[in-house]
Amino acid sequence: MVLMGRIMHGKPVAETIEQWVRGEVDHLRAAHGLVPRLDVALVGRSAASQRYVAKKIESCHRLGMSAHLHTFDDDISAAELRDQVQRLSDDPAVHAILVQLPLPRHIEDPPHGLNKFDVFDAIRGEKDVDGISRFTVPELYRAQADALLHLPATALAVRRMMAFYGVETEGRVAVIVGRNDITAKPIHHMLGGRMCNATAIWLHRYTRKPDHDAFMRAADIIVTSVGSEHYSITAEMVKPGAVVIDVATRVGADGKLHGDADFERVKEVASLITPVPKGVGPVTVAALMENVVRAAQFCAGLRKPGYDFNTGVPAGTEAASLR
Ligand code: GUN
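Quantities reported herein were computed from a predicted structural model and do not represent experimental measurements.

Parameters and conventions
- Each chain has its residues counted from 1, following the order in which its sequence is written.
- This being a predicted model, a pLDDT of at least 70 is required before a residue's local features are given, and a value of 80 or more before pairs of side-chain atoms are given or counted; all residues contribute to the totals for chains, interfaces and linings.
- Heavy atoms from the whole structure form the basis of all side-chain values; hydrogens and water molecules are not counted.
- Residues are labelled near a given molecule or strand when at least one of their non-hydrogen atoms is within 4 Å of it.
- Two N or O atoms count as a polar contact when they lie within 3.5 Å, although within protein this holds only if one can serve as hydrogen donor and the other as acceptor, and sequence-adjacent residues are included solely when both atoms are side-chain atoms.
- Values of accessible area rely on a 1.4 Å probe in the Shrake-Rupley scheme; residue burial ignores everything except the protein chains shown.
- Helix and strand assignments come from DSSP, with helices taken as H or I runs of at least 4 residues and strands as E runs of at least 2, each series counted from the N terminus.
- Note that Gly is not counted as nonpolar here; it falls among the polar residues with everything else outside the nonpolar set of Ala, Val, Leu, Ile, Met, Phe, Trp, Tyr, Cys and Pro and the charged set of Asp, Glu, Lys and Arg.
- Whenever a carboxyl oxygen of Asp or Glu lies within 4 Å of a side-chain nitrogen of Lys or Arg, that contact is scored as a salt bridge.
- Each residue gets one of three labels from its accessible area relative to the maximum for its type: buried under 20%, exposed over 50%, partly exposed in between, using a 1.4 Å probe on protein chains only.
- Here the expected span of a helix is defined as 1.5 Å times the quantity of residues minus one.
- Working note: the arc is built from the helix axis to C-beta atom directions.
- The contact criterion used throughout is that any non-hydrogen atoms of two residues lie within 4.5 Å.
- Strands are treated as partners if at least two bridges between them are detected by DSSP.
- Lines fitted to the C-alpha atoms define the axes, with helices restricted to the stretch that makes contact. Angles between their N-to-C directions range from 0 to 180 degrees.

As for the site of the ligand
In the vicinity of the ligand, the residues found are Tyr-52, Lys-56, Leu-98, Val-99, Gln-100, Leu-101, Asp-130 and Ile-182. Here a nitrogen atom of the ligand and a backbone polar atom of Val-99 are 2.8 Å apart. The separation between a nitrogen atom of the ligand and a polar main-chain atom of Leu-101 is 2.8 Å. Contact with the protein chains covers 83% of the free accessible surface of the ligand, which is 270 Å². Elements with a contribution of two residues or more to the shell around the ligand: helix 2 (47-62) and strand 4 (96-99). Each residue belonging to the shell around the ligand can be placed in one class, and the counts come to five nonpolar, one polar and two charged.

A few points about the pattern of salt bridges
In a structure, side chains of opposite charge can pair up when their charged atoms sit close to one another. On inspection of all chains with the given rule, the structure shows 16 salt bridges. Arg-37 is the partner of Asp-39 in a salt bridge, and the nearest nitrogen-oxygen pair spans 2.7 Å. Both residues of the pair, Asp-39 and Arg-37, belong to the buried class. Linking Asp-211 and Arg-208 is a salt bridge whose minimum nitrogen-to-oxygen distance equals 2.9 Å. Taken together, the shared-partner salt bridges connect Glu-108, Lys-116, Asp-181 and Lys-185 into one network.

Quick word on helix 3 (residues 78-90)
Over its 13 residues, helix 3 extends 18 Å from the first C-alpha to the last, a length consistent with the 18 Å expected when each residue adds 1.5 Å. Among all positions in helix 3, only Ala-78, Leu-81, Gln-84, Val-85, Leu-88 and Ser-89 are buried. Down the axis of helix 3, the buried set is contained in an arc of 145 degrees. They therefore lie on one face. Residues of helix 3 that are buried in the fold lie against strand 2 (37-43), strand 3 (66-72), strand 4, helix 4 (105-108) and helix 5 (116-120).

A look at the sheet that holds strand 4
Taken in spatial order, the three strands make up an open sheet running 3-2-4, and their pairing is parallel. Edge positions in the sheet fall to strand 3 and strand 4, since each of these pairs with one other strand and no more. Here the average twist between neighbouring strands, direction ignored, is 15 degrees. Taken together, the seven bridges between strand 2 and strand 3 define a ladder with parallel strand orientation. Among the inter-strand pairings, Leu-38 is bridged to a residue of strand 3, identified as Ala-67.

Encoded structure:
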C-alpha cells in the first residue's frame, strides 16, 4: 500500500548541503587561504528580488563566505549591465556571479538589440552559479553529467530532494509546469535527460487545458513552477501516489506564501509532496551555496566539472573532488 501525504521538508536536505559547504569553506580557508566570494547584480527595486538577494547574501555570510551586492537603476541599458557583469567576470577576486531575475522588461524581452542572454553570456562558465550562460547550458542540454559546471540551483535542489527522499525517476512520467530559464527549463532537461531518464512532459501557458489535465493525471512526478494566482493544481488533477514537487512561490492576497498545488487537498492524494514555504525554497538557497563553493574551487583549479547525484549530499570533500 502506498502511504499518502508524506511531506518532503526542505530543512534536513538544506542542512546536509550546508554541512558540506561549511566543511569545504573551512578547508579552502585553511589549506588555500581562499574565501569563496559571490557577487550579485540586482537591477531595480522589486521587494521580492530584494528579499531573495538578502537571503542569499545572508546565507553566504552565515556559511563563512563573502558576498558583494551591486545595485543598478532599472533604466540601465542591457549593454551597460552586460559590461558591468563582464567586469565582474574578468575580476579574479570574484568567484561566483548571479544576476537576479527577473530583469526589467527592456532587458528581458526587448523588440531588438541586446537582451538578457547577452548579459548572462558575459559570465564565464566557472563563475555562472545560476547555470544560465551559453558556457553552462550545453552540457545539461546534451546530458553530459560529468561535464556539468553548474546546474541551476532550483534544478540541483530538486535533484537533491529526490535523492534524499528516495524518489526514483527512471521510466517514470514526469510533468514539468512552467518555462522559466532557471527553473522549469533546466528541470525539464534534467529529468528527461540521461541523468534521470524520466519521460518528461513540458506544460506551459500554451498547453490546452484538456491536454494539461490529461498529462497531469498521467504524471508519476509533478514539478511545478508557475507562481500565478491564475494557476492551481487541484487534488482531482493528481494521480493517486504521485510525487509533487512545488517550486513556485507567490505571495497571496492573505499575505502568505503559496505554491501552485492546493497543498492541503493534494497531500491526501500524493505519496510525497513539498510544502510551500519550507519545501524546495531553503534547499535552493543551500544548492546555490554549493555552487558558490564549486565556483571558488573551479577558479582555484581544485575541482573538475560534474556532480555526484547518488545521495542527497554533495560529493566528498575538496580533496576527494580532485579526481
Ligand atoms: N529570481 C528568483 N529566483 C532566482 C534565482 O534562483 N536566481 C536568479 N538569478 N534570480 C532569481
